[in-house]
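Letter by letter, the chains look like this.
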Amino acid sequence: MIYVVGLFSGWLDWRGKVSPSSLVVASDITALRPYIEPLVLNRILVGATTLLLLMLAVYLYPRTDQTRLSRLGFRALGARKLGVGIFCLLATTAFTSGVLLDRLMDQGMEAEWRQDRADEYALRNRVKWGDPNQKLPEYQSLDLKVAFYPAERRFEMDGLFTIVNRTDEAFRVLPLTMSPDFDIKPEQHIYLLAQGVDGESTEVEAVIDDRNGLYEVALPEMLLPGQHRTLHMTYGGVLNPGSGKTSGEFGEWIFADAIFVDSFGSTLLPTVGYVDSDAPSRDTADSRLTPRELAQHYDGDHAALLGGRGTFSVKLEVSVPSDLTVLSVGTRTGKRIEGDRAIFNYEADRPVNFFPIMAGRYEVERLGDTAVYYQKGHEQNIDTILAAADQSRRFFSAIFSPYPFKELRIVEVPRFATFGAMGHPTINPFNEGHGFLTKGDDGISNINFIVTTHEAAHQWWGSVIIPAPVPGAPFLTESLAHYSTLLMEERFNGRVAARNRRIEYEMIYVVTRAPDVERPIVRIDGSERSDRLLWYDKGAMVFWMISETIGRENFIAALRSFIGEFSFQYDHPTIHDLLRHIRAHAQPEHEEFINQWFYDVVLPKVEVTSASSEEIGGGYVTTALIKNSGSGIINLEVEVANRRRLSTAVGIEPSIMPFSFDDLPDPYGWEEELKNQDENETKPDEQVPYRAVRAAIILSPGEEKEISIETPFEPGHILLDPDANILMGGRQLAQRALQASF
């Protein structure tokens, strides 16, 4: 009954959930402590309501025989004040707990007043400050003192914010967007630093205009191009006040056992300018534009998709309870204990676009300048995570560009995080349920290896390179990080496991894609639910195909030159900038193949329609008809072998290719692994050494071609795309057993 009432009242939250399992995410790190207050009130509400309904049912539907249950009913107690008192007490308890839950949720992040405030903020500021192409002053350096008080879920900030004008315009007003949860109001504590005649800095109270959450700070004189101004700001607030309504996950948090905040939004730092919650990266280009015209449409000077447009230096002094350890960007430069507080100092190794602050009770394992911070009791995957992180850092430094920071840290966070893992400069938060507590299957490496490598790659694709907020942007972060994972999979676990991983990516894409709404890569902006799968699995496979088509050396060279142009730059790249570098390292005959994957939506589907072999002289000739019944041109490898190659099947134990810590092997010279991994004695014919001959064929959409391949052995099997280098549908049709012709 409670559920039915909740369903029709819109109260399917803490007030209307008999079982609030969807509102609670259990974690080994925090247990249920983030949910104690709403959970206790919910249990009281459900218990009191259940007893009320039971008493009401007994009263309305009495039994004819006087059983013990009926004697407890309201009818039996009707003449007794005790019965009335119990009924009223239960009703009061249920009502009070419901009211308290409503107040908790009204303070929470899903409260209706927050949306009303966001609407008012947009209504007043979008026209004046909301132009996405408008360039504003931005942070040049931050010198911050931050104190966290987990028992109250609050923080207090006292910092010097130096803002520089890198534009061509002069500004008399600085617009700052601030969180509505600041209870120490910054507009009452903003001071402008000025240089006195004696050389000492003096503070002048700023004149502030509050525009529904956007604060216009009036400057005493124009801020000219190239000039900077330092603000002294003091503020504080509660993070995740109250309780959520429909979700038990958190994007940022301050709890007794774990702290995580970052500078992406306005939670920790005021954002310079207007914050547009409606995603300004929508595809606005004419659908009839040619690839060259589309590149010209998005040409120009772009802001960053993540963090500030330009980089800024960071110095931090972070105060937490003494049982917590603080982690942040760059290198720790100091630690001291003052009473029951621990104070940590950090300084960024170089200017960055964004940064996190984390704290917890960590165990730590180190390998050189790589470290994994984890919850005690979660040791089972630490060796793999640590080795994958350290080897990824070394490998990517060798093939992309030198790692720009001193240390790389993987840090475990509670399961309730809204993300599985995330890449920040120096530090990668890593959900306890995405690697620390997982177990992999034979032939496909453990997810902790994949997630660790992917996030390590974000030190380049997301920190060194931050794309512009235009369509195709996630392919410069998530797709390139996923492509980098394929390279590391091959290096770390061998070619068999890497081939299986590509087949897995292909399968996920083919099974889950939405062909009716899928758009070309250069036009994907995240507005469709299926876009996320495209910039992970499809994007990684497209970059893999391009690298194997133009040559891996050429593709890596294109990525290196791309990094060389846009590394930590004020202007941020688009997918068209990357394609420009790829074309510069490709041949003219590759143009059509590249364009079809980025400017069109294609998916080849190849099959062996017929195949036979015959003995000629001392050898054999296999003749097959190969058809591309899908879309897109495909340059296809065809392999004729003496038997089926078991090593192509998902689930086979990979052969390990050890990685040298002291001497990086040639990243371009991997040898093919064709060794049979299966030792099943019931199939002696499959223990015959594997022998194969390959040939290539180019197929256009709908085209069917005949191919003949000579072999010095008796053929038994034909396989298309044996290394899974092509993204295609219907892979199960891309092989066939051979029969001899007589």
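Residues numbered from 1 in each chain as written. Predicted model: local features only at pLDDT ≥ 70, side-chain atom pairs only at ≥ 80, totals over all residues. Heavy atoms only, no water.

Draft legend 1. Summary view of the overall build of the chain. Helices and strands together make up the secondary structure of the chain, namely 16 helices and 28 strands. Within the span of the chain, comprising 742 residues, buried residues form 54% of the whole. Contacts in the chain between residues far apart in sequence, at least 24 positions, make up 73% of those at least 6 positions apart. Accessible surface computed for the chain: about 32900 Å², of which carbon and sulfur atoms make up 52%. (Helix = DSSP H or I, 4+ residues; strand = E, 2+ residues; numbered from the N terminus. Buried < 20%, exposed > 50% of the residue type's maximum accessible area, 1.4 Å probe, protein only. Contact = heavy atoms within 4.5 Å. Areas by Shrake-Rupley, 256 points an atom, 1.4 Å probe, with all protein chains shown as cover.)

Draft legend 2. Structural context of the nonpolar core. Judged by nonpolar contacts, the single largest core of 184 residues is most densely connected at Phe355 and Phe598. Per-element accounting of this core gives the leading share, 11 residues, to helix α13 (residues 531-550). Every residue in contact with Phe598, bar those within four places of it in the chain, is listed here: Pro520, Ile521, Val522, Val542, Phe543, Ile546, Ile575 and Leu579. (Core = buried A, V, L, I, M, F, W, Y, C linked by side-chain atoms within 4.5 Å.)

Draft legend 3. Expanded view of the packing of aromatic side chains. Taken as a whole and judged by the stated rule, the model has 32 aromatic pairs. On the basis of an interplanar angle of 40 degrees and a centroid distance of 6.0 Å, the ring pair of Phe543 and Phe555 is categorised as tilted. Linking Phe543 in helix α13 with Phe555 in helix α14 (residues 552-566), this pair joins segments that are 12 residues apart in sequence. A relative accessible area of 0% places Phe555 in the buried class. Ring geometry for Phe562 and Phe566: centres 5.5 Å apart, planes at 55 degrees, overall tilted. Taken together, the positions of Phe562 and Phe566, both in helix α14 and 4 residues apart, correspond to about one turn of that helix. The pair Phe562 / Phe566 is uniform in exposure class, with both members buried. Here the aromatic cluster, defined as three or more aromatic residues joined through ring pairs, consists of Phe395, Phe396, Phe400, Tyr403, Phe405, Trp460, Trp461 and Phe568. Lying across the ring of Phe568, Arg350 places its NZ or CZ 3.6 Å from the centre. (Phe/Tyr/Trp six-rings, centres within 6.5 Å; stacked < 30°, edge-to-face > 60°. Lys NZ or Arg CZ within 6 Å of the ring centre and 35° of its normal.)

Draft legend 4. Geometry of the sheet that holds strand β21 (residues 427-431). Strand order in this open sheet of 4 strands is β18-β19-β20-β21, and the pairing throughout is mixed. Of all strands in the sheet, those bounded by a partner on one side alone are β18 (363-367) and β21. Pairwise comparison of adjacent strand axes, ignoring direction, gives a mean angle of 20 degrees for this sheet. Taken together, the 5 bridges between strand β20 (residues 408-413) and β21 define a ladder with parallel strand orientation. Opposite Arg409, over in β21, you have Ile427 as the bridge partner. Against the sheet, helix α10 (residues 447-457) makes contact with β20 and β21, and its axis sits at roughly 150 degrees relative to β21, the strand it touches most. (Pairing = 2+ DSSP bridges. Axes fitted to C-alpha atoms, helices over the stretch in contact; angles between N-to-C directions.)

Draft legend 5. Up close: the side chain of Asn642. Topologically, Asn642 is positioned in the loop between β24 (634-641) and β25 (692-699). Here the side chain of Asn642 touches Pro689 through a polar contact of 2.9 Å, landing on its backbone oxygen. In contact with Asn642, other than residues within four places in its own chain, are Val688, Pro689, Tyr690, Arg691, Phe713, Glu714, Pro715 and Gly716. (Polar contact = N/O pair within 3.5 Å; in protein donor to acceptor, adjacent residues only side chain to side chain.)

Draft legend 6. How the structure looks around the pattern of salt bridges. One pass over the full model with this rule turns up 37 salt bridges. The residue Arg694 makes a salt bridge to Glu639 at a minimum N-O spacing of 2.9 Å. You can see Arg694 sitting in strand β25 and its partner Glu639 sitting in strand β24, a full 55 residues away along the chain. Taking the relative accessible area as the measure of exposure, Arg694 reaches 29% and is therefore partly exposed. Linked by salt bridges that have partners in common, Arg499, Glu637, Glu639, Arg694 and Asp723 make up one network. (Salt bridge = Lys/Arg side-chain N within 4 Å of Asp/Glu carboxyl O.)

Draft legend 7. Examining the sheet that holds strand β28 (residues 735-737) more closely. Strand order in the open sheet formed by 4 strands is β25-β24-β27-β28, and the pairing between neighbours is antiparallel. Looking at which strands have only one partner, the edges of the open sheet turn out to be β25 and β28. For this sheet the average axis-to-axis angle between neighbouring strands, irrespective of direction, equals 15 degrees.

Draft legend 8. Fine view of unusual backbone geometry. In this model, Thr426 sits at a positive phi of 80 degrees, which is unusual for a non-glycine residue. Relative to the helices and strands, Thr426 is located in the loop between β20 and β21. Positioned with a positive phi, Ala724 is a non-glycine residue whose angle comes to about 55 degrees. On the secondary structure map, Ala724 appears in the loop between β27 (717-720) and β28. In this structure Ala724 comes out as buried when scored by relative accessible area, which is 2%.

Draft legend 9. Seen up close, the pairing of strand β8 (residues 214-223). In this sheet, β8 lies alongside strand β3 (residues 171-177) in antiparallel orientation, the contact comprising 6 bridges. When the sheet's bridge partners are listed, Leu174 is paired in β8 with Val217. Hairpin connection between strand β7 (residues 207-211) and β8: a loop of 2 residues separates the two successive antiparallel strands, and Asn212 in this loop has a positive phi of roughly 55 degrees.

Draft legend 10. Representation of a negative patch on the surface in the model. There is a patch of like negative charges on the surface, built from Asp106, Glu112, Asp116, Asp119 and Glu120. Sorting elements by how many residues they give to the negative patch places helix α6 (residues 112-129) first, with 4 residues. By secondary structure assignment, the location of Asp116 is in helix α6. Classification of Asp116 as partly exposed rests on a relative accessible area of 43%. (Patch = residues over 30% accessible without salt bridge, like charges linked within 9 Å, V, L, I, M, F, W, Y side chains within 5 Å. Lys, Arg positive; Asp, Glu negative; His and termini not counted. Charge placed at Lys NZ, Arg CZ, Asp CG, Glu CD.)

Draft legend 11. Layout of α10. Here α10 lies mainly inside the structure; 10 of its 11 residues are buried. All of the buried residues along α10 are Asn448, Phe449, Ile450, Val451, Thr452, Thr453, His454, Glu455, Ala456 and Ala457.

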